[in-house]
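In case you want the letters, here they are:
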Amino acid sequence: MDRVALRGLKARGHHGVFPREREEGQTFIVDLVLGLDTRPAAADDDLAKTVHYGVVAEEVVAVVEGEPVDLIETLAERIAQQCLKHGGVEEVEVVVHKPDAPITVPFDDVTITITRSRV
């Protein structure tokens, strides 16, 4: 399986369990790895036979900016399901970063990583 990766998609969302997170929002960063067979697209040099990563990026940002959820696990699942709606995508790895998580000790990042597939 071939891989198309999008790294560092940034969007402002209002996800979290605390009122301040819901009210003020924060930046979330998403990394994606889409698994698909790119041979048909390469053979015909045809965008219609692969995944349009620009469209995927816009859809992922819309999910992050959309309906708030409590958990980044839920957000990651919604992103994965959106990616799998694209016909050629057989598998997706989603990493959601929450670098401004409300943690009381110094830290660099909080992430959730999930992998979902059609099978």
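Residues numbered from 1 in each chain as written. Predicted model: local features only at pLDDT ≥ 70, side-chain atom pairs only at ≥ 80, totals over all residues. Heavy atoms only, no water.

Engineer: So what exactly am I meant to see when it comes to the environment of valine 60 here?
Structural biologist: Looking at the secondary structure, you find valine 60 in helix α3 (residues 53-65). Through-space distance from the C-alpha of valine 60 to that of proline 102 is 23 Å; in sequence the pair is 42 residues apart. Not counting residues up to four positions away in its chain, the partners in contact with valine 60 are Leu9, Val30, Leu32, Ile79 and Cys83. (Helix = DSSP H or I, 4+ residues; strand = E, 2+ residues; numbered from the N terminus. Contact = heavy atoms within 4.5 Å.)

Engineer: Teacher, can you tell me more about the UniProt feature "domain: Dihydroneopterin aldolase/epimerase" (unreviewed entry) in the protein chain here?
Structural biologist: Under the local residue numbering, the UniProt record ascribes the feature "domain: Dihydroneopterin aldolase/epimerase" (unreviewed entry) to residues 4-116. A helix fraction of 33% and a strand fraction of 30% characterise residues 4-116, whose end C-alpha atoms lie 15 Å from each other. (UniProt positions renumbered as here; feature names shortened; annotations may be inferred.)

Engineer: Which parts of the structure should I look at to understand the pairing of strand β3 (residues 91-97)?
Structural biologist: Successive side chains on a regular strand alternate, one facing one side of the sheet and the next facing the other. Burial runs high along β3: 5 of the 7 residues are buried. As judged from the 7 bridges shared by strand β2 (residues 26-36) and β3, these two strands associate in the antiparallel manner. Within β3, the position partnered with valine 30 by the bridge is valine 96. Sheet topology places β3 next to strand β4 (residues 111-117); 7 bridges connect them, and they run antiparallel. Residue pairing in the sheet places glutamate 93 in a bridge with threonine 115 of β4. (Buried < 20%, exposed > 50% of the residue type's maximum accessible area, 1.4 Å probe, protein only. Pairing = 2+ DSSP bridges.)

Engineer: Looking at this structure, how should I read the environment of aspartate 108?
Structural biologist: Looking at the element boundaries, aspartate 108 is found in the loop between β3 and β4. Using a relative accessible area of 75% as the deciding quantity, one classes aspartate 108 as exposed. Along the chain, aspartate 108 and glutamate 65 lie 43 residues apart, while their C-alpha atoms are 23 Å from each other.

Engineer: Looking at this model, I keep getting lost on the environment of histidine 14. Mind explaining?
Structural biologist: Mapped onto the fold, histidine 14 is located in the loop between β1 (2-13) and α1 (19-24). Residue histidine 14 is classed as partly exposed on the basis of its relative accessible area of 27%. Along the sequence, histidine 14 and valine 69 sit 55 residues apart, while their C-alpha atoms lie 7.7 Å from each other. With residues near it in sequence (within four places) discarded, histidine 14 still touches Glu21, Arg22, Glu23, Glu24, Gly25 and Pro68.

Engineer: Before we go on, may I ask you to explain the sheet that holds β2 in this structure?
Structural biologist: Two orientations exist for strands paired in a sheet by backbone hydrogen bonds: parallel and antiparallel. The 4 strands are arranged β1-β2-β3-β4 in an open sheet whose pairing can be described as antiparallel. Bordering the open sheet on either side are β1 and β4, each of which pairs with just one other strand. For this sheet, the mean inter-axis angle between neighbouring strands, taken without regard to orientation, is 15°. Bridging between β1 and β2 involves 10 bridges; their strand directions are antiparallel. Residue pairing across strands places valine 4 opposite leucine 34, the latter belonging to β2. Against the sheet, α3 makes contact with β1 and β2, and its axis sits at roughly 35° relative to β1, the strand it touches most. Together, β2, β3 and β4 form the strand contacts of helix α4 (residues 72-83), whose direction differs from that of β4 by roughly 35°. (Axes fitted to C-alpha atoms, helices over the stretch in contact; angles between N-to-C directions.)

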